[in-house]
Amino acid sequence: MTEYPGPVNNAGRPRRPTIRDVAAVSGVSRGTVSRVLNGGHWVSPDALAAVQEAIERTGYKVNHHARSLATRRSNSVVFLLAEKQHLLFDDPNIAVLLRGAAAALGDKDMSLILMTAGTDAERKRATDFIMAGHVDGVLLISSHLGSPLLRPLLEARIPTVSCGRPLGLEGKLSFVSADDRGGARQLTAHLAGTGRRRIATITGPLDTSGGRERLAGYREAMGEAYDDDLVVRGDYSRSSGYAGMQELLRRNDRIDAVFAANDRMAAGAMAALRETGLQVPSDIAVGGFDDTDLAAALEPSLTTVRLPFERMSTELVRLLLEVIDGQQGAATILPTTLVQRDSA
């Protein structure tokens, strides 16, 4: 095979290879090259191989700016966190979702833009940026009931997929969720299976799907033993788990187990129990949710529910790209797994 000298301009200087150069080297039409670059549909195996070899020989690179002008696509997606900025560092689950989404989009040669929308000013900036056409779609993380973010996106028909059920908009917005209810039901049943009878819970925020569904699963597992006095509300922070456990102990000194709706609140609850001289699990068993790195590092190690965060991020990207391509929206609910450790 002769060495390809590379394209030059009219002045004899090297220039960037074009589709025309790839077509000339491969011996196919520019239309065939274009079809290969756009997925290889309706291209014979021989032509596909010739074009791929020509791309390598010429050093051709896709001109994303030109493609964007032609397709009216930006080839980028926004990872929109509907929470305050500190959660980017405080909540390890967000980092896992962000990393997974970036990797899945990278496989499609697309970029991921990170934005937070936890304040009115941030929400306005994010909405203005999205409406200006800078991205092709939105991965919405941690939506809340009545969020002012969702209506403008829906009204403008911006392709959007929510991580978690978009409360009140389930039939209008695609989403990917873990089976929060089933996982909470399984964890609570496990606590009952160890002989515990006064099982309390510290909930997540009840304007989120995770908070509501985990409380619902707990309630279903408790059945007739459910008691409002055994329920306190948290906000997923460690401090709310600590305060919630203190409140539960003030209300009822016969509690023998507690289900915290995430691992950080479980860690806070265990700290409160240590301060009062109660032992985990001999006096009170503790269960969490998410199976973050924190769960295995606690002393005793935390029995919890594992969520498939990496798969969730992949599914979020897959669904969003389908919506961007004009396909009908869908919902995906992924199974959870009970992880038994020393705390229960």
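Residues numbered from 1 in each chain as written. Predicted model: local features only at pLDDT ≥ 70, side-chain atom pairs only at ≥ 80, totals over all residues. Heavy atoms only, no water.

(A) How the structure looks around the sheet that holds strand β8 (residues 257-260). What the four strands build is an open sheet, ordered β7-β6-β8-β9; its pairing is parallel. Both outer strands of the open sheet, β7 (231-233) and β9 (285-287), are each paired with one neighbouring strand and no more. This sheet shows a mean twist of 15 degrees between the axes of neighbouring strands, independent of strand direction. Of the pairings in the sheet, the one linking β8 to β9 comprises three bridges and is parallel in character. (Pairing = 2+ DSSP bridges. Helix = DSSP H or I, 4+ residues; strand = E, 2+ residues; numbered from the N terminus. Axes fitted to C-alpha atoms, helices over the stretch in contact; angles between N-to-C directions.)

(B) Structural context of the sheet that holds strand β1 (residues 76-81). Overall, parallel pairing links the six strands, which are arranged β2-β1-β3-β4-β5-β11 in an open sheet. The open sheet has two free edges, formed respectively by β2 (111-116) and β11 (331-334), since each of these has just one partner strand. Within the sheet, the average angular offset between the axes of one strand and its neighbour, ignoring direction, is 15 degrees. Where β1 and β2 come together, six bridges link them in parallel fashion. Bridged to L80 within β2 is M115.

(C) Region of the structure containing the pattern of salt bridges. Scanning the entire structure with this criterion turns up 15 salt bridges. Across the pair R250 and E247 runs a salt bridge, and its minimum N-O distance is 3.0 Å. Linking R250 with E247, this pair stays in helix α11 (residues 238-251), spanning three residues, or about one helical turn. With relative accessibility at 60%, the residue R250 sits in the exposed group. (Salt bridge = Lys/Arg side-chain N within 4 Å of Asp/Glu carboxyl O. Buried < 20%, exposed > 50% of the residue type's maximum accessible area, 1.4 Å probe, protein only.)

(D) Expanded view of the packing of helix α9 (residues 180-193) against helix α10 (residues 209-222). The interhelical angle for the contact between α9 and α10, taken along N-to-C directions, is 40 degrees, at an axis separation of 7 Å. Taken together, the axis directions place α9 and α10 in an arrangement best described as oblique. Note that α9 runs across α10; the crossing there is right-handed. Across the interface between the two elements, D180, R181, A184, R185, T188 and A189 from α9 touch G210, E213, R214, A216, G217, Y218, E220, A221 and M222 from α10. In the contact of α9 with α10, the residues fall into six nonpolar, three polar and six charged. (Parallel < 35°, antiparallel > 145°, perpendicular 65-115°, else oblique. Left-handed = near helix turned anticlockwise from the far one by under 90°. Contact = heavy atoms within 4.5 Å. Nonpolar A, V, L, I, M, F, W, Y, C, P; charged D, E, K, R; others polar.)

(E) Inspection of the domain arrangement of the chain at higher detail. Under the domain assignment used here, the chain contains domain 1 (19-62), domain 2 (76-178 + 310-335) and domain 3 (180-306). In this structure, domain 2 and domain 3 have C-alpha centres spaced 29 Å apart. Between domain 2 and domain 3, the contact holds 13 residues from the first and nine residues from the second. The junction of domain 2 with domain 3 conceals about 920 Å² of combined surface from both sides, 47% of it contributed by carbon and sulfur atoms. Of all residues in domain 2, the largest losses of buried area upon contact with domain 3 belong to N93, H144 and L167, amounting jointly to 39% of the total for that side. Our count for the domain 2 to domain 3 interface comes out at one salt bridge. Linking R264 and D91 is a salt bridge whose minimum nitrogen-to-oxygen distance equals 3.9 Å. Counting every contact that joins domain 2 to domain 3 gives five residue pairs in polar contact (both at pLDDT 80 or more). Those elements giving two or more residues to the side of domain 2 that touches domain 3 turn out to be α5 (87-90), α6 (92-106) and β5 (174-178). Of the residues contributing to the side of domain 2 that touches domain 3, the split by class is five nonpolar, five polar and three charged. (Domains from an automatic or database assignment. Buried area = accessible area lost by both parts, 1.4 Å probe. Polar contact = N/O pair within 3.5 Å; in protein donor to acceptor, adjacent residues only side chain to side chain.)

(F) Focus on the packing of helix α2 (residues 30-37) against helix α3 (residues 45-58). At a minimum axis distance of 10 Å, the contact between α2 and α3 shows a crossing angle of 85 degrees. Here α2 is positioned roughly perpendicular relative to α3, judged by the angle of their axes. Two secondary-structure elements touch here, α2 through T32, V33, V36 and L37 and α3 through A47, L48, V51 and I55.

(G) Summary view of helix α14 (residues 309-324). The first and last C-alpha atoms of α14 sit 22 Å apart over 16 residues, in line with the 22 Å expected at 1.5 Å per residue. All of the buried residues in α14 are F309, M312, S313, E315, L316, V317, L319, L320, L321, V323 and I324. Check the buried side of α14 and you find it contacts β1, α6, β3 (137-141), β4 (160-163), β5 and β11. Downstream of α14 by one or two residues, G326 has phi in the positive range, about 95 degrees. (Expected span 1.5 Å × (residues − 1).)

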